[in-house]
Amino acid sequence: MILRFTDKLPKALYLDSSVILNATMTGGRFHDECASFLRRIRDEGIRCATASLSLDEIWYILIKNKVEHLTGQFLVKSYKSNPNSILSARDDVERITFDLLMMGLEILTVDLDAMLDAKDFLWDCKLLPRDSVHLAVTLKHRFKAIATTNPDFMNTSDLVDVYTCNPKMLR
Amino acid sequence: MGKIEEVEIEEGCIKLPVEFIQGLKPKSKVIVRIDRFGLVIKPKIDPVEDMIGCVKSTPKDIEKQLDERVEEDDTEIY
């Protein structure tokens, strides 16, 4: 089922990196909605978790944002000519990682079982590989709901409840 | 407040940099945590409020960026 961020929440929720990044970055299309959603999760004491690979996604986008802003070049080009360029994002990465841990976000491991399940979800749900890993970890750890702004997760709404604020998904 | 890179231990007590202490208000609480890099001491703040909007950015399609993270080309942005 596709649900709104404002609908009744379950006791436990898998948080996709898109929600965290939108809340963190002022330029995120869904910044206000995701910020309110994180506050609601905190206020209602909802148990939240995400896969370890979400941290990698968050770090990547934070680094990309900072390096591209400072250099005017795409991250890959900038990094290849000067690997030190990523150091400019260090404070953002350290701060947000620490905040995520302090807010009590559980970091779930991605093991072989989850990866094999993820392989099947590629074909069953027509998901791209990373999204299929997120889904596999969600289900393996018995979460029944996922919060995301990524419309590709619409294909998973038969398996988990999908909470979102993305109007594309709520049509 | 600057990050503490090193602290001294004197007579069993941890000596913190003056700048760190001066950055705290009276009755401030701190969070002390041991992680793989050692002892981490930070002023106690609401981590959710600290995180929200802490990265100033131009408008971003984050969903697209997550999808296309390895598809950048070598052209200039500007």
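Because the structure is predicted, anything quoted here is derived from the model rather than measured.

Novice: How would you explain the sheet that holds strand S5 (residues 145–147) of chain A if you had to name every residue and give the values?
Specialist: Residue and element names in this part refer to chain A. A sheet is described by the order of its strands in space; here 6 strands give the open sequence S1-S6-S5-S2-S3-S4, paired in parallel fashion. The open sheet has two edge strands, strand S1 (2–4) and strand S4 (106–108), and neither has a second partner. The average undirected angle you get between the axes of adjacent strands in this sheet is 35°. Two strands pair when backbone bridges link them, and strand S3 (residues 47–51) and S4 are joined in this way by 3 bridges, in the parallel orientation. When the bridges of S4 are listed, Thr 50 appears paired with Ile 107.

Novice: Give me helix H7 (residues 129–140) of chain A: which residues, what numbers.
Specialist: The α-helix winds at 3.6 residues per turn, so residues separated by three or four positions along the chain end up facing the same way. All names here are of chain A. The terminal C-alpha atoms of H7 lie 16 Å apart, and with 12 residues this matches the ideal 16 Å at 1.5 Å per residue to within 8%. Of the positions making up H7, those classed as buried are Arg 130, Asp 131, Ser 132, Val 133, His 134, Leu 135, Ala 136, Val 137 and Thr 138. Structurally, H7 contributes buried residues whose contacts are with strand S2 (12–15), S3, helix H3 (52–71), S4, helix H6 (112–124) and S5.

Novice: Explain the confidence of the model for chain B residue by residue, including any values.
Specialist: Residues and elements named next belong to chain B. On average, residues of chain B score 74 in pLDDT, and 76% of them are at 70 or above. Per-element averaging of pLDDT across chain B places strand S1 (residues 8–10) at the bottom with 70 and helix H2 (residues 47–51) at the top with 93. Both scores are available for the predicted complex, with the pTM at 0.83 and the ipTM at 0.89.

Novice: Please set out the interface of chain A and chain B residue by residue, giving values where relevant.
Specialist: Contact residues are listed per partner, giving 36 residues for chain A and 25 residues for chain B. Going through the elements one at a time, helix H1 (17–24), helix H2 (31–44), H3, helix H4 (75–81) and helix H5 (90–102) of chain A are the ones with two or more residues in the side of chain A that touches chain B. Sort the elements by how many residues they give to the side of chain A that touches chain B and H3(A) lands first, with 7 residues. For the side of chain A that touches chain B, the class distribution of residues is 14 nonpolar, 12 polar and 10 charged.

Novice: If you had to explain the environment of Thr24(A) to someone new, which residues and values would you point to?
Specialist: Residue position: Thr24(A) is located in helix H1. For Thr24(A) and Asp92(A), which are 68 residues apart along the polypeptide, the C-alpha to C-alpha distance reads 9.8 Å. Discounting chain neighbours no more than four positions away, the residues touching Thr24(A) are Ile96(A), Met51(B), Ile52(B), Cys54(B) and Val55(B).

Novice: Please provide a residue-by-residue account of the packing of H3(A) against H5(A), values included.
Specialist: All names here are of chain A. Closest axis-to-axis distance for the H3/H5 pair is 9 Å, and the angle between their directions is 150°. Taken together, H3 and H5 sit at an angle that is classed as roughly antiparallel. Crossing handedness for the pair H3 and H5: right-handed. Between H3, through Leu 55, Ile 58, Trp 59, Leu 62, Ile 63 and Lys 66, and H5, the contact on the second element is made entirely by Asp 92, Val 93, Ile 96 and Thr 97. Per-class residue counts for the contact of H3 with H5 are 7 nonpolar, 1 polar and 2 charged.

Calculation criteria
Residues numbered from 1 in each chain as written. Chains lettered and ligands numbered in written order. Predicted model: local features only at pLDDT ≥ 70, side-chain atom pairs only at ≥ 80, totals over all residues. Pairing = 2+ DSSP bridges. Helix = DSSP H or I, 4+ residues; strand = E, 2+ residues; numbered from the N terminus. Axes fitted to C-alpha atoms, helices over the stretch in contact; angles between N-to-C directions. Expected span 1.5 Å × (residues − 1). Buried ≥ 20, exposed ≤ 12 C-beta atoms within 10 Å, placed from the backbone. Contact = placed C-beta atoms within 7 Å. pLDDT = per-residue confidence, 0-100. Nonpolar A, V, L, I, M, F, W, Y, C, P; charged D, E, K, R; others polar. Parallel < 35°, antiparallel > 145°, perpendicular 65-115°, else oblique. Left-handed = near helix turned anticlockwise from the far one by under 90°.

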